[in-house]
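# What the coordinates show
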Amino acid sequence: MSQHEKMIRKTAIPFENRIASVFVHVNDLRRSAEWYSRLLGLPIKEDRLSGGPVYWFDFQGTHLILDSNSVNRQNPDWSEDVMPRIMFPATDIDEAYFFIREHGTPLFEPERHGPMAYFNFRDPEGNVQMACWAENREDDPSLAGLSQSPIPPRIGGVFVDVKHMPAAAQWYSGLLGVEYDDAAAAQRIYSVPTASGAVLLLDHNRHLNRESFTELFFFETEDFDAALQFVRTNGFDLADEPQRFPDLSEFALLDPDGNRIVIAQMHPGGGQ
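Just so you know, these numbers come straight off a predicted model, no measurement behind them. (Residues numbered from 1 in each chain as written. Predicted model: local features only at pLDDT ≥ 70, side-chain atom pairs only at ≥ 80, totals over all residues. Heavy atoms only, no water.)

## Some points on the side chain of S149
- Examined against the element boundaries, S149 turns out to sit in the loop between β8 (128-134) and β9 (155-161).
- Relative accessible area serves as the criterion here: at 13%, S149 is assigned to the buried category.
- Among the polar contacts made by the side chain of S149, one reaches the main-chain amide nitrogen of I151 at a distance of 3.0 Å.
- Those residues in contact with S149 that sit more than four places away from it in its chain are L39, L40, G41 and F230. (Helix = DSSP H or I, 4+ residues; strand = E, 2+ residues; numbered from the N terminus. Buried < 20%, exposed > 50% of the residue type's maximum accessible area, 1.4 Å probe, protein only. Polar contact = N/O pair within 3.5 Å; in protein donor to acceptor, adjacent residues only side chain to side chain. Contact = heavy atoms within 4.5 Å.)

## So, the environment of L201
- Position of L201 among the secondary structure elements: in strand β11 (residues 199-203).
- Under the relative-accessibility criterion, L201 is labelled buried at 11%.

## Some points on helix α2 (residues 29-40)
- The end-to-end C-alpha distance of α2 is 17 Å, a good match for the 16 Å that 12 residues give at a rise of 1.5 Å each.
- Buried within α2 are the following residues: L29, S32, A33, W35, Y36, S37, L39 and L40.
- You can read the cap of α2 off the contacts: a side-chain oxygen lies 3.3 Å from the backbone nitrogen of R30, and it is on D28.
- Positive phi shows up at G41, right after α2, with a value of about 65°. (Expected span 1.5 Å × (residues − 1).)

## Digging into unusual backbone geometry
- One non-glycine residue, N69, lies in the positive phi region at around 55°.
- Looking at the secondary structure, you find N69 in the loop between β3 (63-67) and β4 (86-89).
- Exposure remark for N69: the relative accessible area of 2% places this residue in the buried category.

## Considering helix α3 (residues 93-103)
- Along α3, the residues classified as buried are I93, E95, A96, Y97, F98, F99 and I100.
- Capping the start of α3, D92 holds a side-chain oxygen 3.0 Å from the backbone nitrogen of D94, two or three residues further along.

## A closer look at the packing of aromatic side chains
- As enumerated under the stated definition, the model contains 18 aromatic pairs in all.
- An aromatic cluster of at least three residues, connected via ring pairs, comprises F88, Y97, F98, F119, F121, W171 and Y172.
- The residue whose ring lies beneath R38 is F236, and the NZ or CZ to ring-centre distance is 4.3 Å.
- The ring of F213 is capped by R260, whose NZ or CZ atom sits 3.8 Å from the centre of that ring. (Phe/Tyr/Trp six-rings, centres within 6.5 Å; stacked < 30°, edge-to-face > 60°. Lys NZ or Arg CZ within 6 Å of the ring centre and 35° of its normal.)

## With respect to the packing of α3 against helix α4 (residues 165-176)
- Direction vectors running N to C along α3 and α4 enclose 160°, while the axes themselves pass 12 Å from each other. Judged by the inter-axis angle, α3 sits roughly antiparallel to α4. Like other packed secondary-structure pairs, α3 and α4 cross with a definite hand, here right-handed. Residues F99, I100 and H103 of α3 form the contact with α4, whose own contacting residues are W171, G174 and L175.
- Of the residues contributing to the contact of α3 with α4, the split by class is four nonpolar, two polar and no charged. (Axes fitted to C-alpha atoms, helices over the stretch in contact; angles between N-to-C directions. Parallel < 35°, antiparallel > 145°, perpendicular 65-115°, else oblique. Left-handed = near helix turned anticlockwise from the far one by under 90°. Nonpolar A, V, L, I, M, F, W, Y, C, P; charged D, E, K, R; others polar.)

## Description of the side chain of Q265
- Looking at the element boundaries, Q265 is found in strand β16 (residues 260-266).
- Among the polar contacts listed, one links the side chain of Q265 to the backbone oxygen of E222, at a separation of 2.9 Å.
- A polar side-chain atom of Q265 sits 2.9 Å from the main-chain amide nitrogen of F224.
- The residues contacting Q265, other than those within four sequence positions of it, are T221, E222, D223, F224, D247, L248 and S249.

## What about the pattern of salt bridges?
- What the rule picks out here adds up to 14 salt bridges.
- Between E16 and R18 there is a salt bridge, with its nearest N and O atoms 2.7 Å apart. For the pair formed by E16 and R18, the shared burial category is buried.
- As a salt-bridge pair, R206 and E215 come within 3.9 Å of each other at their nearest N and O atoms.
- Salt bridges sharing common partners tie together D203, R206, E211, E215, D240 and R260. (Salt bridge = Lys/Arg side-chain N within 4 Å of Asp/Glu carboxyl O.)

Don't take any of this as a statement about function, it's just geometry.
Right under this line is the structure:
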């Protein structure tokens, strides 16, 4: 670390304790925007389909970004293995870069574009995420009042597949500045607590079951049967049969690019 870096280095965790956005990487931006809008009963915003590489949903809590990577693909040095899944908000982009350089692997130095800056990084297991700082952020209003679907526009949790749960749980707990729970790390799912928005769920199931797919995130519904009837009636593709457990009911959908999106209803007290 240079002397300049030492002078500005701080001790506080340089990330907010929340997930700002989750990325879904798509091939046809309009097709995917229409699919997610239809699933959530939301109108299409045509101004977000005016030729740019992304379409975004301003959900309450954690937002959703559909990314076609159309600009990235014009760069001969770019490759798909650097596409991020989660955007973590940084309180200071330089501090965040120094932090990741010490604890993970930044893929490039912060790129600065006016009132925002970002960089991508790999966690110790190779998962790619994004750190992003934006000036004068404002909370976006909820779209829940516009929804005409039993699946409200609210991301309940975001998954990260891991092979070594205790080490991954310690790393992400350190990233967000929260206490690590050694007993919880013995389970197949580890929930990293967040202050707001979607929870961060480290998922050991894919590795243990030797499954080739991943699940990106889940929308939380308050009426599981209505949500299931809705997707069946409207021609959405189920990835497999719905599952019901004492503490939750869930099913997975395949979006137009084959991404697995989970719809879940929690049953408080169901595991007792």
